[in-house]
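Each chain, letter by letter, is given below.
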There are 2 protein chains.
Amino acid sequence: MSRSTEPHRRVGRPPVTSRAQILTAARGLIDEVGWEKLTIRRLASEIGVGATTLYHHVRDKEELLFLLIYEYAEQIPHPELPSEPRERIITAAVALHDGLAAWPWAAEVLTTDGFIARLGDSFLWLVETILAGAVSAGCPPEQSVQIFRSIWYYTAGEIVVRAHTRHRKMNEQDPTHLNAYFGNADGPLRHPHLAAIADRWATLAGQDTFAQGLRAFVDGLLVQSLTKKTSGAPNSESN
Amino acid sequence: MSRSTEPHRRVGRPPVTSRAQILTAARGLIDEVGWEKLTIRRLASEIGVGATTLYHHVRDKEELLFLLIYEYAEQIPHPELPSEPRERIITAAVALHDGLAAWPWAAEVLTTDGFIARLGDSFLWLVETILAGAVSAGCPPEQSVQIFRSIWYYTAGEIVVRAHTRHRKMNEQDPTHLNAYFGNADGPLRHPHLAAIADRWATLAGQDTFAQGLRAFVDGLLVQSLTKKTSGAPNSESN
DNA sequence: CGAAATTTCGGAACGCGTTCTGAAATTAGC
DNA sequence: GCTAATTTCAGAACGCGTTCCGAAATTTCG
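Residues numbered from 1 in each chain as written. Chains lettered and ligands numbered in written order. Predicted model: local features only at pLDDT ≥ 70, side-chain atom pairs only at ≥ 80, totals over all residues. Heavy atoms only, no water.

### Brief notes about the packing of helix H4 (residues 85-101) of chain B against helix H8 (residues 141-163) of chain B
Residue and element names in this part refer to chain B.
Part 1 of the reasoning: Close contact between H4 and H8 brings their axes to 10 Å; oriented N to C, the two are set at 35°. As for how H4 packs across H8, the hand of that crossing is right-handed. Of H8, the residues touching H4 (which contributes Ile89, Ala93, Leu96, His97, Leu100 and Ala101) are Phe148, Ile151, Trp152, Thr155, Glu158 and Ile159.
Part 2 of the reasoning: Residues that form the contact of H4 with H8 fall into these classes: 9 nonpolar, 2 polar and 1 charged. (Axes fitted to C-alpha atoms, helices over the stretch in contact; angles between N-to-C directions. Helix = DSSP H or I, 4+ residues; strand = E, 2+ residues; numbered from the N terminus. Left-handed = near helix turned anticlockwise from the far one by under 90°. Contact = heavy atoms within 4.5 Å. Nonpolar A, V, L, I, M, F, W, Y, C, P; charged D, E, K, R; others polar.)

Below, the structure written as structure tokens:
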């Protein structure tokens, strides 16, 4: 209707802040004090408005965090894609992972309902790339979606688990750590392999094996999809 | 020290409740009103004690939920294991997944720090089985741990994402659903594969493909591990 | 100019998990 | 028996996210 032609000042009390200002202030506050200390009340007083005022510009805190990721994500440049479909999938999935893992609070929002669907063009392009890669590799569209979902579970799980893992220095000095649990009384008897590796567990768990696991996963998924094709008859398995 | 020989009544004010009673009451409350409505205050008043009293028997709410899972988990019977190592891994991982996914609040605790290490014998036995399966298949212990970690990321991710996905009936009636996001103006231009499958996305996302994806993952992980053996030289990849 | 409609603001309040602190209830020692 | 030591209890309070609702500030209409 009335667009730029008519600078119709809107009826009602004029807003004292805006979603843009809130997001900017939130970014600043996160840079200052860290995202754990970002609270609605603190953010509001930083802007100089009442706490409840923010709820007229943002549905809730979860949406606030999502919008922060959303805005940043749109600025991420698209990675160059290799020619081979399988490598394209991996490149896109790694970009998706790294893009999200870059923000420590991503884990808070990652698993919310419909997160993928709410992603912006930049991240949707990565989803599209994964789907396209699977299709290029010979998978039917339905299975391509399932391949993406599997990759997404793996990706989200890695980010969330690692985000919740305290990155204390892997000094073996901490007796309350893994060894204390794994190495209980009859551990070596009941769980020999676990006991054998218990003292190295913390070190191994600290390594970043996302990309390596992803490669294995994509290989397995493509092999599985291309082997049984679109066999309508279910396997001998439960699902 | 003084055990059953001496019924030494302990010094100090006698406790009015116990961790066992708290856990029992928590289970009852969850059965009655659902785990979302389980609050510290409500649980305390259910028992008939002050809210803060619970904190002398349980560190925090997270530990309370963890203990609930822990106790249940110990009662789970061990699944029968197939003979083939690969199938043993899958059987154990599915049991781990199903055992955790059985409690809707598992997602709240799943990703907390050191969750796996704090698991009880019953679940640790599943971890042990996965490790043993990988070793039996020919993987060195270190890579077996990485294989388990990859499986765990996938498993935890699946549970957490699905737990946070509202299971609304997949009626296409809801215009605020996926299509509304995926099918935006120039969606078909920018994301053709996404647009092509958008209307079927919700249905596909509702399917349980955990076991299928797991099979692909395990296959890929074993192939990867056995192919490059314990090559000390890193790949051409970043990691 | 004044009343009505409209839109936003923000203080009060709720329930939450959690911490602090002093009171209460018990045993041990004199 | 009285006091001290010990252990637990629980009310008060804090900060949090969030909701409710009346007040405030603007435009529109008569």
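### Structural notes on the interface of chain B and chain A
Part 1 of the reasoning: The interface is formed by 63 residues belonging to chain B together with 62 residues belonging to chain A.
Part 2 of the reasoning: A combined buried area of about 5,900 Å² lies between chain B and chain A, and 61% of that area is made up of carbon and sulfur atoms.
Part 3 of the reasoning: A:Asp121 is the salt-bridge partner of B:Arg190, the closest N and O atoms lying 2.9 Å from each other.
Part 4 of the reasoning: Counting the contacts that link chain B with chain A gives 22 residue pairs in polar contact (both at pLDDT 80 or more). (Buried area = accessible area lost by both parts, 1.4 Å probe. Salt bridge = Lys/Arg side-chain N within 4 Å of Asp/Glu carboxyl O. Polar contact = N/O pair within 3.5 Å; in protein donor to acceptor, adjacent residues only side chain to side chain.)

### As for the protein's contact with DNA strand D
Part 1 of the reasoning: Around DNA strand D, the structure places 29 residues, and the nearest of them are A:Arg9, A:Arg41, A:Thr52, B:Val16 and B:Thr52.
Part 2 of the reasoning: Sugar and phosphate atoms form 59% of the subset of DNA strand D atoms that lie within 4 Å of the protein.
Part 3 of the reasoning: Within the backbone of B:Val16, an N or O atom sits 2.6 Å from a phosphate oxygen of DNA strand D.
Part 4 of the reasoning: The contact in question runs from a phosphate oxygen of DNA strand D to an N or O atom on the backbone of B:Gly50, over 3.2 Å.
Part 5 of the reasoning: When its residues are assigned to classes, the surface near DNA strand D shows 9 nonpolar, 11 polar and 9 charged. (Near = heavy atom within 4 Å.)

### Some words on the packing of aromatic side chains
Part 1 of the reasoning: For the structure on display, the rule yields 20 aromatic pairs over all chains.
Part 2 of the reasoning: Geometrically, the ring pair formed by B:Tyr154 and B:Phe217 is edge-to-face, given 6.0 Å between the ring centres and 90° between the ring planes. Of this pair, B:Tyr154 sits in helix H8 while B:Phe217 is found in helix H12 (residues 210-227), placing the two residues 63 residues apart along the sequence.
Part 3 of the reasoning: The buried category is assigned to B:Tyr154, whose relative accessible area is 0%.
Part 4 of the reasoning: Here the aromatic cluster, defined as three or more aromatic residues joined through ring pairs, consists of A:Tyr153, A:Tyr154, A:Phe210, A:Phe217, B:Tyr153, B:Tyr154, B:Phe210 and B:Phe217.
Part 5 of the reasoning: Positioned above the aromatic ring of A:Phe66, the side-chain terminus of A:Arg118 is 4.3 Å from the ring centre. (Phe/Tyr/Trp six-rings, centres within 6.5 Å; stacked < 30°, edge-to-face > 60°. Buried < 20%, exposed > 50% of the residue type's maximum accessible area, 1.4 Å probe, protein only. Lys NZ or Arg CZ within 6 Å of the ring centre and 35° of its normal.)

### A closer look at the nonpolar core
Part 1 of the reasoning: Membership of the largest hydrophobic core comes to 135 residues, with the highest contact counts inside it found for A:Leu43, A:Trp152, B:Leu43 and B:Trp152.
Part 2 of the reasoning: Those residues in contact with B:Leu43 that lie beyond four places of it in its chain are B:Ile22, B:Ala25, B:Ala26, B:Leu29, B:Leu38, B:Leu54 and B:Leu64. (Core = buried A, V, L, I, M, F, W, Y, C linked by side-chain atoms within 4.5 Å.)

### Comments concerning the relation of the copies chain B and chain A
Part 1 of the reasoning: Of the transformation superimposing chain B on chain A, the axial component is 0.0 Å and the angular component is 180°, with the fit at an RMSD of 0.1 Å. As the rotation angle and translation indicate, the two copies are arranged about a two-fold axis.
Part 2 of the reasoning: In this assembly the copies share their binding face: 98% of the residues contributing to the interface of chain B also contribute to that of chain A. (Least-squares fit on C-alpha atoms with pLDDT ≥ 70 in both.)

### With respect to the side chain of A:Arg118
Part 1 of the reasoning: Within the element layout of this structure, A:Arg118 appears in helix H6 (residues 115-118).
Part 2 of the reasoning: Only 2.8 Å separates the side chain of A:Arg118 from the side chain of A:Glu62, close enough to count as a polar contact.

### Regarding the environment of A:Gly48
Part 1 of the reasoning: Secondary-structure assignment places A:Gly48 in the loop between helix H2 (40-47) and helix H3 (61-75).
Part 2 of the reasoning: Between the C-alpha atoms of A:Gly48 and A:Thr17, which are 31 residues apart in sequence, the distance is 9.2 Å.

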